[in-house]
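Topology and contacts: notes
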Amino acid sequence: DTAVSQTPKYLVTQMGNDKSIKCEQNLGHDTMYWYKQDSKKFLKIMFSYNNKELIINETVPNRFSPKSPDKAHLNLHINSLELGDSAVYFCASSDGTRANYGYTFGSGTRLTVV
Amino acid sequence: DQQVKQNSPSLSVQEGRISILNCDYTNSMFDYFLWYKKYPAEGPTFLISISSIKDKNEDGRFTVFLNKSAKHLSLHIVPSQPGDSAVYFCAAMDDKVIFGPGTSLSVIP
């Protein structure tokens, strides 16, 4: 029973398209995150939501829009995809805004923009 | 501007020996540190953590050491096993988790 699940696992799309990545957690956590792992393998936070409210919004192009319909879901919508958006996107959740017990990550979505 | 650094991209260790993975950080306000392990095509999994008020935390074969004055932490794995082969991310917390670039550990049977 997957704790943090992301769909799709792989996504190949053309430049200029709009796509969404979905994330769901069944851990009862209050906080969810989106991280991007770039070509240099750095994991960088993009957004954080606590109980459906945006609490962290790093310097991310406004083509990226997170949506949290409830505290168990955090989806990522990307408009006008660019080649540089190609990366692995990880969703994560934690128990509270101070994640003293570590985040639980999904298995990632590999986005390739061609 | 990397706040969390792992200067060794890779490390090879013989099975049964000790693996030592190193991490340096720049922000003295970090008060909590974590290590994550990642296998290919999977998300990172939490391994062990340490609060800045401690200098050592041990969990089975895994021990994390923190040297606040040097802004340095290390993860020791002993004895190393082939299943430990993975990428290890050091991370630090302020209001979010900030990850280092990772060290790829290969444990050779």
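Just above, that's the structure.
Residues numbered from 1 in each chain as written. Chains lettered and ligands numbered in written order. Predicted model: local features only at pLDDT ≥ 70, side-chain atom pairs only at ≥ 80, totals over all residues. Heavy atoms only, no water.

1. Overview of the sheet that holds strand β8 (residues 72-77) of chain B
The pairing of strands in a sheet comes from backbone hydrogen bonds and takes either a parallel or an antiparallel form. Residue and element names in this part refer to chain B. Strand order in the open sheet formed by five strands is β1-β3-β8-β7-β6, with antiparallel pairing between adjacent strands. With one partner strand each, in any of the chains shown, β1 (4-5) and β6 (56-59) form the two edges of the open sheet. Across two bridges, β1 lies against strand β3 (residues 19-25) in antiparallel orientation. Across the sheet, V4 pairs through a bridge with Y25, a residue of β3. (Pairing = 2+ DSSP bridges. Helix = DSSP H or I, 4+ residues; strand = E, 2+ residues; numbered from the N terminus.)

2. A short note on the state of the cysteines
In a disulfide, the sulfur atoms of two cysteines are covalently bonded to one another. Taken as a whole, this structure holds two disulfides over all chains when the rule is applied. In this model C23 of chain A forms its disulfide with C91 of chain A; the gap between the sulfur atoms is 1.9 Å. Taking the sign of the S-S torsion, about -80° here, the bridge from C23 of chain A to C91 of chain A comes out left-handed. With a gap of 68 residues between them, C23 of chain A in strand β3 (residues 19-25) and C91 of chain A in strand β9 (residues 87-94) connect regions that are remote in the sequence. Classification of C91 of chain A as buried rests on a relative accessible area of 0%. Covalent S-S linkage joins C23 of chain B and C90 of chain B, the inter-sulfur distance amounting to 2.0 Å. Across the S-S bond of C23 of chain B and C90 of chain B the torsion is about -75°, and the bridge reads as left-handed. With C23 of chain B in strand β3 and C90 of chain B in strand β9 (residues 86-93), this residue pair connects regions lying 67 residues apart in the sequence. Classification of C23 of chain B by relative accessible area gives buried; the value is 0%. (Disulfide = S-S within 2.5 Å. Buried < 20%, exposed > 50% of the residue type's maximum accessible area, 1.4 Å probe, protein only.)

3. Overview of the interface of chain B and chain A
Contacts between the two partners involve 20 residues from chain B and, on the opposite side, 20 residues from chain A. Both faces considered, chain B and chain A share a buried interface measuring about 1600 Å² in area, 58% of it formed by carbon and sulfur atoms. Among the residues chain B hides against chain A, the three largest losses belong to P44, K96 and F99 of chain B. Together they make up 29% of the total. Where chain B touches chain A, the interface holds zero salt bridges. By residue number, the principal contributor to the side of chain B that touches chain A is strand β4 (residues 32-38) of chain B, which donates four residues. Split by residue class, the side of chain B that touches chain A holds eleven nonpolar, three polar and six charged. (Contact = heavy atoms within 4.5 Å. Buried area = accessible area lost by both parts, 1.4 Å probe. Salt bridge = Lys/Arg side-chain N within 4 Å of Asp/Glu carboxyl O. Nonpolar A, V, L, I, M, F, W, Y, C, P; charged D, E, K, R; others polar.)

4. Here's the deal with the sheet that holds strand β7 (residues 64-70) of chain A
Residue and element names in this part refer to chain A. Pairing within the open sheet is antiparallel, and its four strands lie in the order β1-β3-β8-β7. What marks the edges here is a single partner per strand, and that holds for β1 (4-7) and β7. If you compare each strand with its neighbour and ignore which way they point, the axes differ by 20° on average. Both β3 and strand β8 (residues 73-78) contribute to a ladder of four bridges, which runs antiparallel. If you follow E24 over to β8, its bridge partner there is H73. (Axes fitted to C-alpha atoms, helices over the stretch in contact; angles between N-to-C directions.)

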